[in-house]
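Spelled out from the first residue to the last, the chains are:
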Amino acid sequence: MISRRELITVGLAAGGGLLIGCVTPRVGGPAPATPVEPPAPLPDFAPHAYVRIAATGAVTLIAKNPEVGQGVKTSLPMLIAEELEVPWESVTIEQAKLDPVFGRQVAGGSMATTLHYDELRRLGAVARTVLVNAAASTWKVPSSECRASEGAVLHDATGRRAPYGTLLEVAAALPVPKPSDVTLKDPKDFKILGRRIGGVDNPKIVTGQPLFGIDQRLPGLRFAVYEKCPVFGGAVKGANLDEVKALPGVREAFVLTGTQDKFGLLPGVAIVADSTWAAFKARRALKVDWVLPDVKRSGTSGELARDANALRGQPPATLVRNDGDVAKALARGGKKLEASYHAPMMSHATLEPQNCTALFKDGVLEFWAPTQNPAAGQELVCKTLGLAPSAVVIHLVRAGGGFGRRLLNDSLVEVGALAQRLEGTPVQVIWEREQDLQHDFYRPEAFHHLEAALDAKGRLSAWKDHFVTFGLDQAQTPGNGGDVDFDELPARFVEHYQLGRTILPTHVPMGWWRAPGSCTTAWAVQSFLDELAFAAKVDPLTFRLGLLGDARQLPVKNPRLRPYDTGRMKGALELVAQKCGWGRRLERGRGLGLAFHYCHHGYVAVAAQVQVSKQGALKVEQLWAAVDVGPIVNRSGAENQVQGSMLDGLSSAWLQEVTLADGRVQQVNFADYPLLRLPDAPPIEVHFIESNVPPTGLGEPALPPTAPALCNAIFSATGQRVRQLPLLKANLRWS
Amino acid sequence: MATWHLQINGNERVVEAESDTPLLWVLRDSLQLVGTKYGCGVGLCGSCTVHLDGAPVRSCQLPVSAVGAAQVTTIEGLAPQGTLTALQQAWVDLDVAQCGYCQAGQLMSAAALLAKTPHPDDAAIDAAMGGNLCRCATYTRVRAAIHHAAKGGAR
Ligand code: FES
Ligand code: FES
């Protein structure tokens, strides 16, 4: 018998690729030593790492990627189950740990569906093909006369039926076909894909069973907090460790010098205690003497904004793209518009704060990690703590939200360092909310100084954007997830186009925030397009459709991306306009707004209806989305992602900003970093356009068009153009 | 350290804890009832909601010394083992959760609402649920699931 672990080893020895086609697993071990012993149960049939079938017929499917609320623990196994021809209700889903046999295991970039739709269907079909062949060889009939259905193989001509569990021994002896050689089902025969399927962890979630990072409990577990310098880049000079160690429930308190990596192990003070509360309380008594870095201008939001605004009309540090002759086109007659848009820094504020659990024993460091990117975590741990990858085991546990925060593995390396020191004792590091908010990797601030011209017919003739954002330290490199795409609209749709960029250095580490780049750029672009439509006295829908032009495919610079399909974009825009009743007359104080955006391979158009009181109180009455990401895998999950990302777009545009003062983040908890609440969440209609293109992901693309649709609706209601977020700070009064 | 006799999900549980320890951490760290979640520690997010004699309270704000003889119900005790209340079933049927982290708190607030107001209108739902943050913003389904359960779960 070959266990899955051994299979993986074999697979790795064979080059680290997928197992399929490399090995043929065998069942049936050595004969029992004596005939009186009961026969050993048949081992599971595992044609590859993703499927196990027991002799009882029980099917276990492996969910390869981290689950952070985006639904992949359900949707990816659905792809396998569909082709394996097993009833969804009968399968058990098992979360994979980090293992090279599974290839890329990342929750990021809305990539899971895009990358795995075909691959996982093929893996399901591989297992089904072996089982069909096993039945055919047992019955001595051609495989082509057999078919699989509901966890069994059928031979219709003779009415024979063999449940999968009865075929394991034969199946295990047969060759496993290559994924590229198997036949996939016709989508019209799908029984699982396209349905509404609830999340596989729902029963545990609604009964409060242990699932999440902070739920991990090991015998003898200690609880720890790790205090870092409130000013990014600071180090520890000293701390009242003896006082802290004397507190009830505290086991240890010590300083870690950390590394220079601002995304890795920062310098800090660890407190290890018997309970979370003892650790939290001890943290309140901790007094650290910090060595503060010199943060000067870069440490205060007001100063940074002044510097960014002073760049208006100035040449950019980098010319990113320059089509035609923008200067000349802008100097020509015709209508000209100028505006500056400013979106603040943002925190991820996952509801489950950063945390991780680890145990260092017998030279192996084992993690139970709510991470979006475990391989990067392993690499960071190896580099920082001097371990070989084989000595770093990462179990993936459900994370209470990601939004990009958990692509970076600082909590993982923190607990790793502690576990190494506490050898033999498991430890959980948990961040208090205040720490989570003040030690995030923030969404980079974005300023767009825009200029544009309209021709005599009211069409866009020139567009210039001087984009200013923040970078870490001195280089002209934007913070993680802060850049504007080279092909960002309206590039390619206007003859004279210029995108320039200047980076203001800060000492603040930045990180990818849901729909990176797009989340701020779409707001500026789609708001300014709205301004141009009104300036041209053209209906904003007509103006946008005119800009997109005829349905065609436009090549893009990024080789990983498919061409931009203007027809799909227009289709989404037209559908959302129809669904929201675009063109309806509304009384003053009420308004409809539109926006569209393409990112992560998804084409999404959003409409918003708002009501604004004369005193400026905002009520968002309804949102609509038209979404084209190809065929839908899980209708329930897809709709949930679209609604959630739209409300995330609404919540962030309305309520949230992170500001700096003297080098530290000012926001402390949900009182000054508020999240959208249920009473303010509008009803949302989601419409999918299900073309035949290969399907793509939904974790992000509905977010970027939401803020501009909202702000355009506010303009139509009040005549007030919002050019600075969050809305909470804007004066929306009208008379 | 002091000894506390707590009435949790219908059973008496004896724990040792400092008197200022919030009930949240007694549940999670002493009793291994990890369904009740930590989100903010200051009463702003609702993740830690439990029932105290049927009323929803923020367990992060309730020191163990203040619990006394009150009946504490946590998400683990909302329904007898192996069963679901109509509300929990509605949460499953409508697939409310995204990450799921806030949902224990959402359910405890919603259960307390339905116990007092079996057929809440939207305004009553707004009032009862406004203090439960969901970072994934599952609010449209939270609202729908409460209505669904109130209607007896009929689709
Ligand atoms: S953890 Fe208690 S209200 Fe947030
Ligand atoms: S489901 Fe993620 S916080 Fe509510």
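Residues numbered from 1 in each chain as written. Chains lettered and ligands numbered in written order. Predicted model: local features only at pLDDT ≥ 70, side-chain atom pairs only at ≥ 80, totals over all residues. Heavy atoms only, no water.

1. Some thoughts on the environment of Glu243(A)
Residue and element names in this part refer to chain A.
So, step 1. Tracing the chain through its elements places Glu243 in helix α6 (residues 241–245).
So, step 2. Its relative accessible area of 52% is what places Glu243 among the exposed residues.
So, step 3. Residues Glu243 and Ala282, spaced 39 residues apart in sequence, show a C-alpha to C-alpha distance of 9.3 Å. (Helix = DSSP H or I, 4+ residues; strand = E, 2+ residues; numbered from the N terminus. Buried < 20%, exposed > 50% of the residue type's maximum accessible area, 1.4 Å probe, protein only.)

2. Quick notes on the sheet that holds strand β15 (residues 355–361) of chain A
All names here are of chain A.
So, step 1. Taken in spatial order, the seven strands of this open sheet run β10-β11-β8-β18-β15-β16-β17, and their pairing is mixed. Unpaired on one side and paired on the other, β10 (250–256) and β17 (392–396) mark the two borders of the sheet. Neighbour-to-neighbour, the strand axes of the sheet open up by a mean angle of 20 degrees, direction not taken into account.
So, step 2. Alignment of β15 against strand β16 (residues 364–369), held across five bridges, turns out to be antiparallel. Across the sheet, Thr357 pairs through a bridge with Trp368, a residue of β16. (Pairing = 2+ DSSP bridges. Axes fitted to C-alpha atoms, helices over the stretch in contact; angles between N-to-C directions.)

3. Considering the domain arrangement of chain A
Residue and element names in this part refer to chain A.
So, step 1. Assigned domains within chain A: domain 1 (1–42), domain 2 (47–189), domain 3 (221–293 + 354–430) and domain 4 (301–345 + 443–729).
So, step 2. Of the residues lining the interface, ten residues belong to domain 3; the matching set on domain 4 comes to 17 residues.
So, step 3. Of the roughly 1,100 Å² buried where domain 3 meets domain 4, counting both sides, 69% is carbon and sulfur surface.
So, step 4. Of all residues in domain 3, the largest losses of buried area upon contact with domain 4 belong to Phe232, Lys262 and Phe403, amounting jointly to 52% of the total for that side.
So, step 5. At the junction of domain 3 and domain 4, the tally comes to one salt bridge.
So, step 6. We note a salt bridge from Asp473 to Lys262, for which the minimum N-O separation is 3.4 Å.
So, step 7. Counting the contacts that link domain 3 with domain 4 gives two residue pairs in polar contact (both at pLDDT 80 or more).
So, step 8. In terms of residue class, the side of domain 3 that touches domain 4 is built from seven nonpolar, one polar and two charged. (Domains from an automatic or database assignment. Contact = heavy atoms within 4.5 Å. Buried area = accessible area lost by both parts, 1.4 Å probe. Salt bridge = Lys/Arg side-chain N within 4 Å of Asp/Glu carboxyl O. Polar contact = N/O pair within 3.5 Å; in protein donor to acceptor, adjacent residues only side chain to side chain. Nonpolar A, V, L, I, M, F, W, Y, C, P; charged D, E, K, R; others polar.)

4. Points about the side chain of Glu82(A)
All names here are of chain A.
So, step 1. As for its position among the elements, Glu82 is in helix α2 (residues 72–84).
So, step 2. Note on Glu82: relative accessible area 1%, which makes it buried.
So, step 3. One polar contact links the side chain of Glu82 to the main-chain amide nitrogen of Lys191, over a distance of 2.9 Å.

5. Regarding the interface of chain A and chain B
Frequently, the measure chosen for interface size is the accessible area that the parts lose on association.
So, step 1. Listed by partner, the interface residues are 61 residues for chain A and 49 residues for chain B.
So, step 2. Summed over the shared surface of chain A and chain B, the number is six salt bridges.
So, step 3. For Arg28(B), the salt bridge is made with Asp215(A), and the minimal N-O distance between the two is 3.1 Å.
So, step 4. Connecting chain A to chain B are 30 residue pairs in polar contact (both at pLDDT 80 or more).
So, step 5. Among the elements of the structure, α5 (202–207), α7 (276–285), α12 (433–438) and α16 (635–655) of chain A are those that each provide at least two residues to the side of chain A that touches chain B.
So, step 6. Looking at the side of chain A that touches chain B element by element, the count peaks at nine residues for α16(A).

6. Points about the side chain of Asp201(A)
Residue and element names in this part refer to chain A.
So, step 1. With respect to the helices and strands, Asp201 occurs in the loop between α4 (168–173) and α5.
So, step 2. With relative accessibility at 6%, the residue Asp201 sits in the buried group.
So, step 3. Not counting residues within four places of it along the chain, the set of residues in contact with Asp201 comprises Lys73, Leu211 and Arg398.

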